[in-house]
Structure formats: C-alpha cells, structure tokens
Amino acid sequence: MTPLVHAEQAVLGAVLLQPGQLDRLTPWLRPEHFSRPAHTAIYAAMLKLKAEGHPAAATKAGAPVPLAWVTDTLREAGTRTRGLTASYLHSLASACPRPGHGPVYGRMVLEGAIHRSVAQHAARLHQAALADSRTGTVEETLHHAQVLNDVLADLARGWGAEARPVQPPTAHAPKAERLQPAGEHVLADEEFLLGCLTSRPDQLLGLVRWLRPGDFADPGHQQIYRALGALHHRGEPIDQLTVLWETQRRGALADGTLDIERVRRICDPLVGGAAEHFGEQVVNASLLRTAATAARQVGALADRDALAPGQLIGYALHALEPLEDVRRRLRLAHEAEPEPRRPTSRPGAPPPAARIDAARARSRLANTTAPAAVAAASCAALPDRRNHRSPS
C-alpha cells in the first residue's frame, strides 16, 4: 500500500473518530480528491450526513461518538459503491494515528490528487496531439492545451500557490528527447514553402511575424529559412545561388546539414504558390510536436512524488511555455495584417476632396487679392491732400 492510500485511510478514520473534523476539511477537501472509489463514496456519505444535520457531526473532540455515525455512514456509502463492510470502516479508524491530525492527512490526500490530476490532463493532451497529427488538424490539441493551463491555475488557487512558470533545477529538468522523424507530408509542406519563398521573396513579409526557424521539423529546412531571412533582412537579392551561398557562409554545407544539390532542388525558381497556406501547415505541425513533447514532460513531472504541489505546478507551466509561444504565433497567422490608420473626418465635415479644393481656392484668392490689399493699406497711410493748402 502506498503512503497516499495510508493518508486516505487516516483522514477517513479521523472523521469516523471525531466527526467534528469535517468542519476543518469541507472547505477544501472534496470526494473526488480520493484515489479509491470506496474512499470517495465514504467521504461523500459523511458530507451528505453532515449537510442533513446528523447529530454526530456536532460531536466535540473527546466526546463519545454515537454508533449511528458509523452505521449511517456505511448505509449511505453502500448506495454509492459495493463491497463496503463495517469491518472496513473499523479498519479505517484503526489506521488513523492521531484523529486531531485529520487536516494534515487531508492535505496529503489533496497533494496526491494534484499529482494525479496533472498526470491525467497531460496524458489527454498527448493523446490529442497524436490524434491530430493523423488527421492534420489542431483543434483537439488546442482545446486540451487550454484545459491543462486552466487546471494548473485552478490547482494553484486551491493549494494556495502562485501560478507562474518556474524553471526546474537540473535534478528535476526534463531529459532531452530524441527527435521523432517527421511525416512525409510535413517535410513536403516545408520544402514547398521554401520554394515559394525563394521564387517570390516578397511573401516573407507576411510570414516573419509568426513563422520561426524552429517550426521546421528538418534541420536543413531550418537553415534554409534562416538564410532566406538573413538575405531579406539585409535587402540582398534572393535566388537559388544567393541562398546556396548564404547556407555555405552559415556552415550548413560544411557540417553536413545540407548539400549543394539539395539546396538547389528545394530553391527551385519554378516553384510557385501561396506561401501563407504552407506556412500555416508548418506551424500546425510544429504545434503538434511541441504539444506532444510538453505533455510528456509534464507527465514525467507529475510522476515524481518528491515534488511539492507548488513546485509541480510551476515546473509544469514552464514546460508548457514553448507550446504557448506556438499557440500565440498561430493566432497571429490567422489574423489579418493591420492596415495603416487613415485620418478620420469630424462629423458633418466635407469629404477630403472637397476640403482640398476649398484650400486651393483660398490659396488662389489670397494670391490675387494680396497686391490690392497692400495698395489699399499704403493709400490709407498717406495724408489726405484734397483739402490741404500749401502755406502762402
């Protein structure tokens, strides 16, 4: 029997011996936190009897507990599961070292429930990623990734910990996994995307916001995409030869990641198509690979009983950060490019064309009337000589 099962027996035994312990347990310990169905049924029966006002539930510590508390608990729990006997309830009472330590035993049960819940949701995320990789979709993976994040946040609130990513120390860091070979359709999408970008480099502008070299499954494709991005950033021409030269400068030919014929074949100038579509396919495949890796890492963390719940939650959120980054960039891929903001007119104002014509008319009028205005001002400044006589 594991320490967790001993803790479940102890907390149930504490409530059998001191029903008043329920007041200290009910705010945070729930029936589903128990790992065994029999224990779930017994604790749910105790909660129901207390809610119905059972006299034993108000028994103070040290006072004798009526036998009806045990018999009524057995009767109510028997409606929820089979095989329970009075002797088993008595064994629960004997399994409790100190009835007054019931809340401590309850926290042990809650800690085991947190590990178990994280492991279950990580397994579901892993299964969803594998299923979506076969169908070519990402909806189920996105759903279970969000569920796992929500579960971790809820567990953190229940445990009283802060839901923030924490990098695990070396002793608890996940082991490096061997890369699984990508499917032929994934590699074909990557090659076609690189060919599209080589033949029409202007399409890079729409992809650099959300497509990263790490999204490519093949290391050689990553190097070609880096070369394309470097040439585009420097404003240099992009063609079959310039890409080949850039990959050579980056050492991709010397270390065997790529060879000349492969680069020339991928960067075929005759390839054409919408790069955005294939870019989304590459990011989708990256999302599924990242989700599967993160799910395995979180599951491995949940299997380590030595981790406290706060540590488990922080380490699990850290393992999910790469997946969250791909999710964010996938949302960017589905969003349209922001258009430059145009000046808006005030309510009731004439349209821009009318305002421009009016401004030009005022300018012409000012140019034609300015000389006359100056002459008039000059005349006004001269003295009036009509009634002026010179001195004799």
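Residues numbered from 1 in each chain as written. Predicted model: local features only at pLDDT ≥ 70, side-chain atom pairs only at ≥ 80, totals over all residues. Heavy atoms only, no water.

*Asks:* Go over the packing of aromatic side chains with me, naming the residues and quoting the values.
*Replies:* One pass over the full model with this rule turns up 3 aromatic pairs. Ring centres 5.1 Å apart and planes at 40° place the aromatic pair Phe-34 and Tyr-43 in the tilted group. In terms of burial, Phe-34 and Tyr-43 fall into one category: buried. Arranged with centres 5.1 Å apart and planes meeting at 35°, the rings of Phe-216 and Tyr-225 form a pair that is tilted. For the pair shown, Phe-216 and Tyr-225 are each scored as buried. (Phe/Tyr/Trp six-rings, centres within 6.5 Å; stacked < 30°, edge-to-face > 60°. Buried < 20%, exposed > 50% of the residue type's maximum accessible area, 1.4 Å probe, protein only.)

*Asks:* Talk me through the pattern of salt bridges; I want residue IDs and the actual numbers.
*Replies:* Scanning all chains against the criterion turns up 19 salt bridges. A salt bridge links Arg-75 to Asp-72; its shortest N-O distance comes to 3.9 Å. Taken together, the residues Arg-75 and Asp-72, both in helix H4 (residues 67–78) and 3 residues apart, mark about one turn of the helix. Between Arg-234 and Glu-246 there is a salt bridge; the shortest N-O distance is 2.8 Å. With Arg-234 in helix H9 (residues 219–234) and Glu-246 in helix H10 (residues 240–249), this pair connects stretches of sequence that are 12 residues apart. Linked through salt bridges whose partners overlap, the residues forming this network are Arg-234, Glu-236, Glu-246, Arg-249 and Arg-250. (Salt bridge = Lys/Arg side-chain N within 4 Å of Asp/Glu carboxyl O. Helix = DSSP H or I, 4+ residues; strand = E, 2+ residues; numbered from the N terminus.)

*Asks:* Describe the nonpolar core, with residues and values.
*Replies:* Leu-193, Leu-211 and Val-243 are the most contacted members of the largest nonpolar core, which totals 63 residues. Looking at this core, the element that brings in the most residues is helix H12 (residues 275–302), giving 13 residues. Ignoring any residue separated from it by four or fewer positions in sequence, one finds Val-243 in contact with Ile-224, Ala-227, Leu-228, Leu-231, Ile-238, Val-263 and Cys-267. Val-15, Leu-49, Leu-89 and Cys-96 belong to the second-largest nonpolar core, a separate cluster that totals 27 residues. (Core = buried A, V, L, I, M, F, W, Y, C linked by side-chain atoms within 4.5 Å. Contact = heavy atoms within 4.5 Å.)

*Asks:* Describe the environment of Asn-149, listing the residues and the values that go with them.
*Replies:* Of note, Asn-149 is situated in helix H7 (residues 139–159). By relative accessible area, which is 22% here, Asn-149 ends up partly exposed. For the pair Asn-149 and Leu-317, spaced 168 residues apart in sequence, the C-alpha separation works out to 7.5 Å. Apart from residues lying up to four places away in sequence, Asn-149 is in contact with Leu-317, Leu-320, Glu-324 and Arg-327.

*Asks:* Any chance you could break down helix H8 (residues 184–199) for me, citing the residues and the numbers?
*Replies:* Taking 1.5 Å of rise per residue, 16 residues should cover 22 Å, and H8 covers 23 Å from first to last C-alpha, within 8% of that figure. Turning to H8, its buried residues are Val-186, Asp-189, Glu-190, Leu-193, Leu-194, Gly-195, Cys-196, Leu-197 and Thr-198. Next to the buried residues of H8 lie H9, H10, helix H11 (260–266) and H12. (Expected span 1.5 Å × (residues − 1).)

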